[in-house]
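Take a look at the letters that make up each chain.
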Amino acid sequence: MTTSRTLPIKILRPDSVTTGDRTIAVEVPVAIEIDGLGYAVMMMTPADLTEFTTGFLLTERLADSAEDVRDIDVFEAEAGWIVRVGLSERCKGRIHDRVRHRTSDTSCGLCGISGLEQLRKPVPHTPPKPDTSVSALFAALGGLRTHQPLNAATGAIHAAAACDREGRIIAAYEDVGRHNALDKLVGGVAIKRHAIDGFILVTSRISFEMVDKALIAGAPMLMGISAPTSLAIEHSRAHGLTLLALARSDAILVVNDPWDLFA
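Quick caveat: nothing in here was measured; it's all calculated off a predicted structure.

A. Just the side chain of T242, in detail. When you line up the elements, T242 lands in strand β12 (residues 242-245). Sequence-distant contacts of T242, defined by excluding residues within four places in its chain, comprise P130, P220, M221, L222, N256, P258, W259 and F262.

B. Layout of the sheet that holds strand β13 (residues 253-256). With mixed pairing, the six strands of this open sheet are ordered in space as β9-β8-β10-β11-β12-β13. Either end of the sheet is taken by a strand with one partner, and the two such strands are β9 (169-175) and β13. Taken pair by pair, the neighbouring strands of this sheet meet at an average axis angle of 20°, ignoring direction. For strand β8 (residues 158-163) and β9, the ladder comprises six bridges, and the chain directions are antiparallel. When the sheet's bridge partners are listed, H158 is paired in β9 with D175. Across the sheet, helix α3 (residues 134-143) lies against β8, β9, β10 (199-202), β11 (221-224) and β12, angled at about 40° from β10, the strand it touches most.

C. Representation of the confidence of the model for the chain. Model confidence for the chain is summarised by a mean pLDDT of 92, while 92% of its residues fall at 70 or above. Predicted confidence for residues 100-117 stays below pLDDT 50, and this span has 38 contacts to residues more than four positions away or in other chains.

D. Examining the layout of surface pockets more closely. Roughly 390 Å³ of volume is contained in the largest pocket. If you go around the largest pocket, you meet 20 residues; those closest to its centre are L58, D64, S65, H125 and I216. Where the lining of the largest pocket is concerned, the elements lending two or more residues are α5 (178-192) and α6 (208-217). Considering every element that reaches the lining of the largest pocket, the biggest residue donor is α5, with three residues. Partitioning the lining of the largest pocket into residue classes produces twelve nonpolar, three polar and five charged.

E. Highlighting the pattern of salt bridges. Applying the stated rule across the entire model yields twelve salt bridges. Of the charged contacts in the structure, one is a salt bridge between R90 and D68, with a shortest N-O distance of 2.8 Å. Separated by 22 residues along the polypeptide, R90 in the loop between β6 (81-87) and α2 (92-98) and D68 in the loop between α1 (49-59) and β5 (69-76) bring together distant segments of the chain. Its salt-bridge partner being D197, residue R165 comes within 3.6 Å of it at the nearest N-O pair. Of the two residues, R165 is situated in the loop between β8 and β9 and D197 in the loop between α5 and β10; the sequence distance between them amounts to 32 residues. Of the residues examined, R165 reaches a relative accessible area of 37% and is grouped as partly exposed.

F. Here's a closer look at the packing of α5 against α6. With their axes 10 Å apart at the nearest point, α5 and α6 run at an angle of 0° to one another. As summarised for this structure, α5 and α6 are arranged roughly parallel, according to the angle between their axes. Across the interface between the two elements, R178, H179, L182, D183 and V186 of α5 pack against E209, M210, K213 and A217 of α6. In the contact of α5 with α6, the residues fall into four nonpolar, one polar and four charged.

G. Representation of the packing of α1 against α5 in the model. In contact at an axis separation of 6 Å, α1 and α5 are set at 95° when each is read in the N-to-C sense. Of the possible angle classes, the one that applies to α1 and α5 is roughly perpendicular. For the pair α1 and α5, contact is made by T50, E51, F52, T54, G55, F56, L58 and T59 and by N180, D183, K184, V186, G187, G188, A190 and I191, respectively. Its residues assigned to classes, the contact of α1 with α5 shows six nonpolar, seven polar and three charged.

The rules behind the values
- Residues numbered from 1 in each chain as written.
- Predicted model: local features only at pLDDT ≥ 70, side-chain atom pairs only at ≥ 80, totals over all residues.
- Heavy atoms only, no water.
- Helix = DSSP H or I, 4+ residues; strand = E, 2+ residues; numbered from the N terminus.
- Contact = heavy atoms within 4.5 Å.
- Pairing = 2+ DSSP bridges.
- Axes fitted to C-alpha atoms, helices over the stretch in contact; angles between N-to-C directions.
- pLDDT = per-residue confidence, 0-100.
- 1 Å grid on protein atoms, 1.4 Å probe; cavity = no way out; pocket = protein on both sides within 12 Å on 5 of 7 lines; lining within 4 Å.
- Points joined across faces, edges and corners; volume = space filled by probe spheres on them.
- Nonpolar A, V, L, I, M, F, W, Y, C, P; charged D, E, K, R; others polar.
- Salt bridge = Lys/Arg side-chain N within 4 Å of Asp/Glu carboxyl O.
- Buried < 20%, exposed > 50% of the residue type's maximum accessible area, 1.4 Å probe, protein only.
- Parallel < 35°, antiparallel > 145°, perpendicular 65-115°, else oblique.

What follows is the structure, given as structure tokens:
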């Protein structure tokens, strides 16, 4: 799957115009078909689509585990990519309850919801108490760049990483869409049956759905390099997720600390 391409560009400076080449991130539509029904079209990076589909179905509450996601078939079409997937027998009825037709150019996961009540989906469990030191948080921040090769090449890519208690990055995924990157991570760790015992680190703004996906992943803590929204903070407080934001090499903002870890 091609995730980047090189294009000719011009570079403007105050006193000159020069030409060169620039590596550009590939963004394509990916259609998700579940049990023969069109469910979503996501604008995203065409890589790790099996992990993405698994994580997407988990965070959409259409599946309860990676084992519920069956027969993933990924193939390229003229207009983009198509992922056809089946659900286990115990989960098949959910698609008929929540079928919607949406095209999301931001991967926000909300476009096309038929009613506001669908925004508040059940959270199956309360996050465990984090067991991560401050030094581990900064260690993960310092090591993240080495797990972002596509962003290093293009400068246009988000990342989501699963970190252990010592701040070691055990899995990381990239995508032009921040929610897509997190869904890939959720799916990847679910397929490998890896528990996130440390925290999730994301490179982007923390929205309601970013918090929601971290809750589904069972992460004790979510840390973002950018700022949170008000609804994200409310969602983390309602369900006991430790939330950190505006993470920099010299400071990290503690937004929600239900265990008083950082008193």
